[in-house]
Amino acid sequence: MTDNIIQMDASRIAELVADRELSPVEVMKAHLDRIAEVNPKVNAIVTMADGALDAAKKAEAAVKSDARLGPLHGVPFTVKDGIDTAGVLTQRGSPIFKGRVPDTDATVVARLKAAGAILIAKTNPPEFSYSIETDNFLTGRTNNPWNLDYTPGGSSGGESAAIAAGMSPLGVGSDLSISLRGPAAHTGIVGFKATHGRMPMTGHWPRVPRRFWHIGPMARSVRDVALAYSLMAGPDGADGFSISPLGFDTGVGTTSPHQVRVGWLASPGFFGPTDPEVIATVKAAAHALSNAGCQVEEVRLPVLEQTDANTVLWQLQQMETRPEFEKVTAGHEAQIFRHAKLILETPDTPIGDFVAAEQAVERLRDSFVEYFQRYDALLCPVTPFPATKHGLADLVIDGETVSPFHVMSATSPFSLTGMPALSMRFGTSHDGLPIGVQIASAWLADSTALKVASLLEEVSPVRNLHPAI
C-alpha cells in the first residue's frame, strides 16, 4: 500500500481518509519513509517539521470521532523555504538566515492547515529564491528525480523535486519569472501561478518586487492545484495586492456554456529559439484539446516574438530588489551565493531604459487584452527546452547558442503582466526527461486555465508516470 500512497494525489488521499479507508498516520508514515529513502539522493527536503506524526495521530482521532473534516484532512504538504512556517526553520536558502524560526505561518500555509493539511517538511530554494537553479551555500544543490545529473530548475526546484519523487503530494512554491512553472515542467508535475493578487504574499521573503511575485500550489494533478488554489486564495487584510474577492469557481469538473476557444503557438512563439521536442509537445497538446472538443487554432502574437521579456523583467526587478539585498547581506559578503551577487553587482538601470521596460509591459498587456477578446486560453511552451544538466552554461537550441536564462523566455511575459498560467507535463524528451506545456488565460479567469488543463490531463499520454528513484 505504501507505494500506492506516495503516488496518489492529495485529493485521493483526502477522499480515502474521509472514507476511513486510509489512516492519516499510515499516510504520514509512508511519506516519512519515502523521504528517508530518496531525499539523500535528491536533496529536496531541507527541514522536517517536528510534530508531523503527532498531528497525523490527532487527525486520525478526529476521523474516528466523526468530527467535521476539512477538504485536505490528514494530507501532508511541503513548503518552499522562502515562505514562513511557525516554529519551523525558514532559512531562505542562505547562511545569513541560518537558524531563523518564524513565529507565524504565511497566510497560505495557515489556510492549508485550516483545511486539515499537515506540514511535513520545508523544501530547498536557491538563495533568496532567486535563481533558475536550486543551489545555495547553506543546504546545497537539489537534483532532478528523473535524472540526478540534471537540475529541477528554480526557484521552487526543491518543492517540485519533492512532489515528483513521492515525498509530498502537495506543496507551496512561489514565482517571480519562472519559479513555479519551470520546475514543474522540469520534473513532470503541475504548477499554477494564479492571477497576481489572488494569493496573499504575506509571509514570503523577499517581498520585493511584490508586483511580480506570486505564491502558488504545486502537485501531481490539476484537481489538486485547483483545490489548493481555492483554499489559499483571497484577501488577508495584510497584502495590499491581494484584493480579489473570494467568490470564484476553480473550473475543474464544470461545464462551459460555449465551446472553449484555445489559441496555440510554439515557434515562432517567444523571443528566441525553441527546442523541436518542445514544439512537438505543444502541437500534440493542441491536437489533443481539439479532439477533446475545444475550438483550437494556431496563432501568432508578434509582441511575444519581439519582446525580450527576460531583459525587461531584469531591468525592472533589479532596481527594486538590490536595496533589500544590500541591507540583508551587509557584513556577510563571503556568504553570498552567485545569483544574489549578480544582482548586487549589476549597475542601476538607466531611467530611460526603466521607462522603456515599463512601456514594454504595457504593450504586452494591451496585446493580451486584444487576444483574449477572441480566445479563452493560450497554449504554449513552459520552457524553450527540457531540463539541463547542473551548471549555468550556455546551450545550443535548434542551432542557436543561448544563455541558460533563456529558460524563462516563455514564462516571464505572464509574470510581468500578472496573468494566470499553469504548467503541466504532456511529453517526454529523447533522454527521458519531462516536457511541459503552459496554459494561460485572461486576468481573473483562473478557472479557465484550470478547466483547459483538466481537459488536457484527461487525455494525457504521460499522466501517471513517476521517476524510478
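Remember, predicted model here, so these are calculated numbers, not experimental data.

Reading the values: rules and limits
Residues numbered from 1 in each chain as written. Predicted model: local features only at pLDDT ≥ 70, side-chain atom pairs only at ≥ 80, totals over all residues. Heavy atoms only, no water. Helix = DSSP H or I, 4+ residues; strand = E, 2+ residues; numbered from the N terminus. Contact = heavy atoms within 4.5 Å. Polar contact = N/O pair within 3.5 Å; in protein donor to acceptor, adjacent residues only side chain to side chain. Pairing = 2+ DSSP bridges. Right-handed = clockwise from strand over helix to strand, strands pointing away. Buried < 20%, exposed > 50% of the residue type's maximum accessible area, 1.4 Å probe, protein only. Axes fitted to C-alpha atoms, helices over the stretch in contact; angles between N-to-C directions. Salt bridge = Lys/Arg side-chain N within 4 Å of Asp/Glu carboxyl O. Parallel < 35°, antiparallel > 145°, perpendicular 65-115°, else oblique. Nonpolar A, V, L, I, M, F, W, Y, C, P; charged D, E, K, R; others polar. Expected span 1.5 Å × (residues − 1).

A. Representation of the environment of Glu-358 in the model. Structurally, Glu-358 is set in helix H13 (residues 351-371). Between the alpha carbons of Glu-358 and Leu-313 there is a distance of 9.2 Å; along the sequence they are 45 residues apart. Non-local contacts of Glu-358, meaning those with residues more than four positions away in its chain, are made with Arg-211 and Leu-316. A polar atom in the side chain of Glu-358 sits 3.1 Å from the side chain of Arg-211.

B. Region of interest: the pairing of strand E8 (residues 295-298). Pairing analysis gives four bridges linking strand E7 (residues 261-264) to E8, with the strands arranged parallel. Its bridge partner lying in E8, Trp-264 is registered against Glu-298. Note on the crossover from E7 through helix H9 (residues 276-291) to E8: the handedness is right-handed.

C. Highlighting unusual backbone geometry. Omega for the bond connecting Gly-154 with Ser-155 falls within 30 degrees of zero, at 10 degrees, which places this linkage in the cis form. Note that Ser-155 resides in the loop between strand E3 (118-123) and helix H6 (157-164). Omega for the bond connecting Trp-205 with Pro-206 falls within 30 degrees of zero, at 5 degrees, which places this linkage in the cis form. Looking at the element boundaries, Pro-206 is found in the loop between strand E5 (190-193) and strand E6 (214-219). For Arg-20, which is not glycine, the phi torsion reads 65 degrees and is therefore positive. Here Arg-20 shows up in the loop between helix H2 (10-18) and helix H3 (24-42). Unusually for a residue other than glycine, Asn-43 sits at a positive phi of about 55 degrees. With respect to the secondary-structure elements, Asn-43 resides in the loop between H3 and strand E1 (45-48).

D. Quick peek at the side chain of Ser-429. Summarising the element assignment, Ser-429 is placed in the loop between strand E12 (421-428) and strand E13 (434-441). Under the relative-accessibility criterion, Ser-429 is labelled buried at 6%. Excluding residues within four positions of it along the chain, Ser-429 makes contact with Glu-277, Pro-386 and Ile-435.

E. Seen up close, the sheet that holds E13. Strand order across the open sheet formed by eleven strands is E1-E3-E2-E4-E6-E5-E12-E13-E9-E7-E8, with mixed pairing between neighbours. Taken across any chain shown, the strands that pair with only one partner, and hence form the sheet edges, are E1 and E8. Direction aside, neighbouring strands of the sheet carry axes that sit 30 degrees apart on average. Taken together, the six bridges between strand E4 (residues 170-175) and E6 define a ladder with antiparallel strand orientation. Across the sheet, the residue bridging to Leu-170 is Ala-219, located in E6. In the packing of H3 onto the sheet, the strands contacted are E1, strand E2 (76-80) and E3, and the crossing angle to E3 comes to about 15 degrees.

F. View of the pattern of salt bridges. Counted according to the given criterion, the structure contains 22 salt bridges. Taking the shortest distance from any N to any O, the salt bridge between Lys-327 and Glu-324 comes out at 3.4 Å. Here the residue Lys-327 and the residue Glu-324 both occupy positions in helix H11 (residues 309-329), the gap between them amounting to three residues, near one helical turn. Salt bridges here are not isolated pairs; linked through shared partners, they connect Asp-9, Arg-12, Glu-15 and Arg-223.

G. Broad picture of the packing of H2 against helix H8 (residues 222-232). Where H2 contacts H8, the two axes come as close as 8 Å, and the packing angle between them is 75 degrees. Here H2 lies roughly perpendicular to H8, going by the angle between them. Across the interface between the two elements, Ala-10, Ser-11, Arg-12 and Glu-15 from H2 touch Arg-223, Asp-224 and Leu-227 from H8. By residue class, the composition of the contact of H2 with H8 is two nonpolar, one polar and four charged.

H. Quick peek at H9. Between the first and last C-alpha of H9 there are 23 Å, a value that for 16 residues agrees with the 22 Å anticipated at 1.5 Å per step. In this structure, the buried residues of H9 make contact with E7, E8, strand E9 (377-381), E12, E13 and helix H15 (446-458). At the N-terminal end of H9, a side-chain oxygen is found 2.7 Å from the backbone nitrogen of Glu-277, two or three residues along, and the residue is Asp-275. At the exit of H9 stands Gly-293, carrying a positive phi of roughly 105 degrees.

I. Representation of the side chain of Ser-179 in the model. Residue placement: Ser-179 occurs in the loop between E4 and helix H7 (181-187). Within the structure, the side chain of Ser-179 is placed 2.8 Å from the side chain of Ser-155, a separation counted as a polar contact. If sequence neighbours within four positions are ignored, Ser-179 has contacts with Lys-80, Gly-154, Ser-155, Ser-156 and Ser-174.

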